[in-house]
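Here's the letter readout for the chains.
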Amino acid sequence: MRVSVAGGKVMNETIYKRKSIRKYDQAKLDEGVLAKVREKIADLTPLYPEIRYYIDIVNKAKGSFGVSAPHYLVFCSEEKDGALENIGFVGQQMDLFFSASGLGSCWLGMAKPEDRDASALPHVICMAFGAPAEPLHRELAEFKRKTLAEMSEGSDPRLEAARLAPSARNGQNWFFVAESGTDSTAGGTADSTASGTTGSIADSHAGGAAGDIDVSGSGKIHCYRKTINPVVGLVMSKFPCIDMGIALCHIAEESESFEFGKDAGAPERKGYVYAGTVGV
Ligand SMILES: Cc1cc2nc3c(=O)[nH]c(=O)nc-3n(C[C@H](O)[C@H](O)[C@H](O)COP(=O)(O)O)c2cc1C
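Residues numbered from 1 in each chain as written. Predicted model: local features only at pLDDT ≥ 70, side-chain atom pairs only at ≥ 80, totals over all residues.

Undergrad: Residue-level account of the site of the ligand, with values.
TA: Around the ligand, the surrounding shell holds 19 residues, and the nearest of these are Ser20, Trp107, Gly109, Pro166 and Asn170. Mapped onto the shell around the ligand, the elements with two or more residues apiece are strand E5 (104-108) and helix H8 (239-253). No other element matches H8, which puts four residues into the shell around the ligand. Per-domain counts for the shell around the ligand show at least three residues from each of domain 1 (3-11 + 138-278) and domain 2 (18-130). (Near = placed C-beta within 6 Å. Helix = DSSP H or I, 4+ residues; strand = E, 2+ residues; numbered from the N terminus. Domains from an automatic or database assignment.)

Below is the structure:
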């Protein structure tokens, strides 16, 4: 398979073919596979290392609305500025890990473990996972997403990875302004099979798995989430922040080095809340 990504080679091919899996083989995964999942959990790269979080594996969840899986990740975090973005960021690394490992997964915004969370930290969200009972991957053309023009300004090849990120109800309530990066209109075809890059953010940053990369964006990307209507916000308030962390994970996966923070020079954007800037 060849994936065209404007401007450069793909660093994490899974971004361009993953999808939410809602049908699962109900058999429990082997203990060896679950051990690998636990290893991955221990190896995640947080967006904000100072924010404490905890990820548990449980076999039953309530509020999963028809998505029945043999296992669920339960995400808990202390409540701090950036905590939800942090959970989106680490959780999406798990989603990509599952997809790259032949397992399905699906974020579940309303689900909670049936038993009390093992963690003393407040519950945030769940993610179903297990062996898929439907096709695990899809073609690029099958993604239902806004166009780059609808969700971004400026050029940076990493915007495509953000565009394809999953979001609650596929709302894609984000906007990205690339200040100066590689020209994403330059085009370029990446052989996604060449690198076999299914590695983590840490692998990508180490450069080892990313040996074939021609170029990746290097400029700043200012990130915004849509201001939500307060009525909708009562139920959905956590999702825009989690979604932002998910999109940032995709940008990080396609970055040779990744920093995220506040930039005093970031332009304001009407109807949006400034979340931070990649590359500061
Ligand atoms: C924060 C969040 C919460 C979600 N909650 C649910 C959910 O409760 N039930 C569900 O079936 N899908 C849920 N999803 C999956 C989204 O519907 C899905 O990611 C989106 O429609 C895009 O589809 P894709 O993941 O196949 O690309 C959630 C996704 C996110 C990011």
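Undergrad: Talk me through the sheet that holds strand E9 (residues 174-178); I want residue IDs and the actual numbers.
TA: As summarised here, the arrangement of the five strands in space is E8-E9-E11-E13-E12, forming an open sheet in which the pairing is mixed. Since the sheet does not close on itself, it has two edges, and those belong to strand E8 (152-153) and strand E12 (260-261), each with one partner. Note: strand E11 (residues 221-226) against strand E13 (residues 272-278), six bridges, orientation antiparallel. In the strand pairing of E13, Cys223 is matched with Gly276. (Pairing = 2+ DSSP bridges.)

The values are spatial; any link to function lies outside them.
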